[in-house]
Amino acid sequence: MQRFVYQRARQPIEAVQMTAADSRGRSNAQYLAGGTTLLDLMKLDVMQPDVVVDINPLAESGYGRIELNQHGLRLGALVRMAEAADHSGIKSEYPVIAQSLAQAASQQLRNMASLGGNVLQRTRCTYFRDVSYGECNKREAGSGCAAMTGFNRMHAVLGGSDHCIATYPGDFAQALIALEAAVEIVSRSGNRTIPFANLHRKPADTPDQETNLRPGEIIASFMIPAAPWTRRSLYLKVRDRQSYEFALASAAVALEQQNGIVRAARIGLGGLATVPWRAVEAETLLRGKPVNDDNAAAAAKAAFASAQGHGHNEFKIELGKRTLVRALQQAAALNI
Amino acid sequence: MVKRIPHSGTITPRSGPDRRSLLMGTVSTAAVPVIARGAQAQTSPTAPTSTINRPVDIALTINDREHRLSVDVRTSLLDLLRERLGLTGAKKGCDHGQCGACTVLLDGRRVLSCLTLAVAAQRHNVTTIEGVANDGELHPMQQAFIEHDAFQCGYCTPGQIMSAIGCVNEGHAENDTDIREYMSGNLCRCAAYPNIVDAVKQARSVMKTASTQ
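Thresholds applied
- Residues numbered from 1 in each chain as written.
- Chains lettered and ligands numbered in written order.
- Predicted model: local features only at pLDDT ≥ 70, side-chain atom pairs only at ≥ 80, totals over all residues.
- Helix = DSSP H or I, 4+ residues; strand = E, 2+ residues; numbered from the N terminus.
- Rg over C-alpha atoms; globule rule 2.2 N^0.38 Å.
- Buried ≥ 20, exposed ≤ 12 C-beta atoms within 10 Å, placed from the backbone.
- Contact = placed C-beta atoms within 7 Å.
- Nonpolar A, V, L, I, M, F, W, Y, C, P; charged D, E, K, R; others polar.
- Pairing = 2+ DSSP bridges.
- Axes fitted to C-alpha atoms, helices over the stretch in contact; angles between N-to-C directions.
- Domains from an automatic or database assignment.
- Parallel < 35°, antiparallel > 145°, perpendicular 65-115°, else oblique.
- Left-handed = near helix turned anticlockwise from the far one by under 90°.
- Core = buried A, V, L, I, M, F, W, Y, C linked by C-beta atoms within 7 Å.
- pLDDT = per-residue confidence, 0-100.
- Expected span 1.5 Å × (residues − 1).
- Arc of directions from axis to C-beta.

### Observations regarding the overall build of chain A
Then, number 1: Each helix and strand counted, chain A has twelve helices and twelve strands in total.
Then, number 2: Computed over C-alpha atoms, the radius of gyration of chain A comes to 20 Å, within 12% of the 20 Å expected from 2.2 N^0.38 for 336 residues, which places it in the range of a compact globule.
Then, number 3: Overall, the C-alpha framework of chain A stretches about 60 × 50 × 35 Å when taken along its three principal axes.
Then, number 4: Here chain A holds 336 residues, and the buried ones make up 54% of them.
Then, number 5: Of the contacts formed within chain A by residues at least 6 apart in sequence, a portion of 65% connects residues at least 24 apart.

Here's what the structure looks like:
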């Protein structure tokens, strides 16, 4: 691990000042919350910050708060995954959120990892994580992509480019994108709020730029608006082992249903794409119809219309469709 | 500087010092003296900021004792426990948060000490396997692991026990399915899993009885 300067920020304003760029506009600072991604990747020399700003004290400034009312759910960025997963109100009103968190990682990691850090977790692509591979456009812009012709069983079938097919590994983000969450962001120049769907960037020809966060910006909270579909929601995760594993395919599904007819559907797909992925075409197809075998299959087909396999991961296209079909059927059958 | 014991492929003869006592001896000469809590409470450590090349002074509360020492800011809580304080119960399995062998409690919640910076663990209470027995009497979870033969080689066991204590206290040990799910962060290459589930169930009952008395 490279040497770094450790700083501890007590207030948001202090934190954003500590990561200020130098006179040449450079800043290689990283925020430390749970540390479960950052320290892992620092040990691997994949990440080499020269300044680490510990923002955990900001939990006292509202960043550690869960607020649930008739307008929606507000989750502070320093709420731990386990806290939100075990929150009784979230479990009953926003089950897809609680389930996406409970099915991720292990309880030790969920006790440590913050929600803000969770959505920013880096890919598990083995070529990204192993610096002995020279080719990784995400680690070093323009160096190439070893996964394209390498072992890519876990890699993305949606949202990839010729330069990167690394899978976005998170679960919680799929619930956030499905439920049309917003992200409150703090910086030296003030606060701004963006749709969660605009937080991550598809790799395109700059896979090293993963988010639209500007240098020094901090995620303060996530806001999930109340909606008629949040209670009839679930997270279905398919993986190589039943627990403590990343998704091969997953679906975050929320339905507003009346007399067996879908009035509105919201769908996120995990383990399959390079970024948190919303399946808008599938949502549109389901509107005004019952979730039967044919309609669910048609929605799944639409969701994967642009899917592209790269050899080892071809199976994920069919697996992803079946995962979505099952999730839709389970959500439609929920007794609410 | 802490002297590192080179990894040795030879077996130490019974008559000589074994590897553990040799390690402990080395650590005791290297570690900063341990000070009982309260003795230095008037000088609470601040020093939240390090510089690039100098060690940082920290104070950590581990098993109800305060330790003050100077560390390289990169030091993980796990390395500090094992190499600076001689608390070798927490094990280094993967060092990347994948195996659970390094599990300790931070303010009562189970966490991975390999992914925790020692400097960031200040102001929290750390509990390790060395701190769970009470006056020489084993913790109910330790006793249950022995009675159910919930290990073979024992390497993952301190992490399993710390995780299991956390699991019961969280209320995530109500049935076999929950125990398996919420203990999934602790890998056991000897596959003692069925016996671990049995041990957690036994300890759960004892811990519940104890907490209602």
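Further notes follow.
### Here we look at the interface of chain A and chain B
Then, number 1: Counting residues at the interface gives 23 residues for chain A, matched by 30 residues for chain B.
Then, number 2: Those elements giving two or more residues to the side of chain A that touches chain B turn out to be β1 (5–8), α2 (38–43) and α6 (107–112) of chain A.
Then, number 3: Element by element, the count of residues in the side of chain A that touches chain B is highest for α6 of chain A, at five residues.
Then, number 4: Residues belonging to the side of chain A that touches chain B are distributed by class as follows: nine nonpolar, nine polar and five charged.

### Examining the sheet that holds strand β7 (residues 190–195) of chain A
Within a sheet, neighbouring strands are paired by backbone hydrogen bonds and run either parallel or antiparallel to one another.
Residue and element names in this part refer to chain A.
Then, number 1: Here five strands make up an open sheet; going across it, the order is β4-β5-β8-β6-β7 and the pairing antiparallel. For this open sheet the edge positions go to β4 (66–69) and β7, each flanked by a neighbour on one side alone. Sheet twist, expressed as the mean angle between neighbouring strand axes with direction ignored, is 15°.
Then, number 2: Pairing between strand β5 (residues 72–76) and strand β8 (residues 218–225): five bridges, direction antiparallel. Bridge assignment links Leu73 to a residue of β8, and that residue is Ile224.

### A short note on the domain arrangement of chain B
All names here are of chain B.
Then, number 1: Considered domain by domain, chain B is made up of domain 1 (22–41 + 52–131) and domain 2 (140–212).
Then, number 2: Domain 1 puts 14 residues into the contact, and the matching count from domain 2 is twelve residues.
Then, number 3: Contributions of two or more residues to the side of domain 1 that touches domain 2 are made by β3 (103–106) and β4 (109–112).
Then, number 4: With three residues, the top contributor of residues to the side of domain 1 that touches domain 2 is β3.
Then, number 5: Residue composition of the side of domain 1 that touches domain 2, grouped by class: seven nonpolar, four polar and three charged.

### Things to note about the packing of helix α11 (residues 293–303) of chain A against helix α12 (residues 315–333) of chain A
Residues and elements named next belong to chain A.
Then, number 1: One way to put it is that α11 packs onto α12 with a least axis distance of 9 Å and a crossing angle of 135°. On the basis of the axis angle, α11 is oblique to α12. The hand of the α11/α12 crossing is right-handed. Residues Ala296, Ala297, Ala299, Ala300, Lys301 and Ala303 of α11 form the contact with α12, whose own contacting residues are Lys321, Leu324, Val325, Leu328 and Gln329.

### Structural notes on the nonpolar core
Burial of nonpolar side chains together is a common tendency in soluble globular proteins.
Then, number 1: Core analysis: the largest hydrophobic core is formed by 167 residues, its most contacted members being Ala84, Leu176, Val253, Ile267, Leu324 and Leu328 of chain A.
Then, number 2: Taken domain by domain, this core gets at least three of its residues from each of domain 1 (22–41 + 52–131) and domain 2 (140–212) of chain B.

### Regarding the confidence of the model for chain A
Then, number 1: Overall, the prediction assigns chain A a mean pLDDT of 96, with 98% of residues at 70 or greater.
Then, number 2: Ranking the helices and strands of chain A by mean pLDDT puts helix α9 (residues 172–178) of chain A first, with 99, and helix α1 (residues 12–18) of chain A last, with 93.

### Thoughts on the confidence of the model for chain B
All names here are of chain B.
Then, number 1: For chain B, per-residue confidence averages 84 on the pLDDT scale, and residues scoring 70 or more make up 76% of the total.
Then, number 2: Contacts for the low-pLDDT stretch residues 1–16, under 50 throughout, to residues beyond four places or in other chains number eleven contacts.
Then, number 3: Below pLDDT 50 for its whole length, residues 25–47 participates in 28 contacts with residues either more than four positions away or in separate chains.
Then, number 4: Per the prediction output, this complex has pTM 0.91; the corresponding ipTM is 0.96.

### Structural notes on the packing of helix α3 (residues 140–147) of chain B against helix α4 (residues 157–170) of chain B
Residue and element names in this part refer to chain B.
Then, number 1: Running from N to C, α3 and α4 cross one another at 125°; their axes reach a closest spacing of 9 Å. When the axis of α3 is compared with that of α4, the two are oblique. Crossing hand, α3 versus α4: right-handed. In this structure, α3 contributes Met141, Gln142 and Phe145 to the contact, and α4 contributes Thr157, Ile161, Ala164 and Ile165.
Then, number 2: Partitioning the contact of α3 with α4 into residue classes produces five nonpolar, two polar and no charged.

### Structural notes on helix α6 (residues 193–212) of chain B
Residue and element names in this part refer to chain B.
Then, number 1: The terminal C-alpha atoms of α6, which comprises 20 residues, lie 29 Å apart, in line with the 28 Å expected from a rise of 1.5 Å per residue.
Then, number 2: The set of residues buried in α6 consists of Ile196, Ala199, Val200, Ala203, Arg204 and Met207. Within α6, the buried residues cover an arc of 150° as seen down the axis, which keeps them to one side. Those residues of α6 that are exposed and angled more than 90 degrees off the buried face are Pro194, Ser205, Thr209 and Thr212.

### Concerning the sheet that holds strand β1 (residues 56–62) of chain B
Residue and element names in this part refer to chain B.
Then, number 1: The five strands are arranged β2-β1-β5-β3-β4 in an open sheet whose pairing can be described as mixed. Every other strand in the sheet has two partners, leaving β2 (65–71) and β4 as the edge strands with one partner each. Averaged over all pairs of adjacent strands, the angle between strand axes in this sheet comes to 40°, irrespective of strand direction.
Then, number 2: Judged from the two bridges that link them, β3 and strand β5 (residues 125–127) form a sheet pairing that is antiparallel. When the bridges of β5 are listed, Leu105 appears paired with Thr127.
Then, number 3: Its contacts with the sheet place α4 against β3 and β4, and it is angled at close to 35° to β3.

### Focus: the environment of Arg3 of chain A
Then, number 1: By the secondary structure assignment, Arg3 of chain A is in the segment before β1.
Then, number 2: Sequence spacing of Arg3 of chain A and Lys138 of chain A is 135 residues, and the spatial spacing of their C-alpha atoms is 22 Å.
Then, number 3: Setting aside its immediate chain neighbours within four residues, Arg3 of chain A contacts Ile52, Asn53 and Arg74 of chain B.

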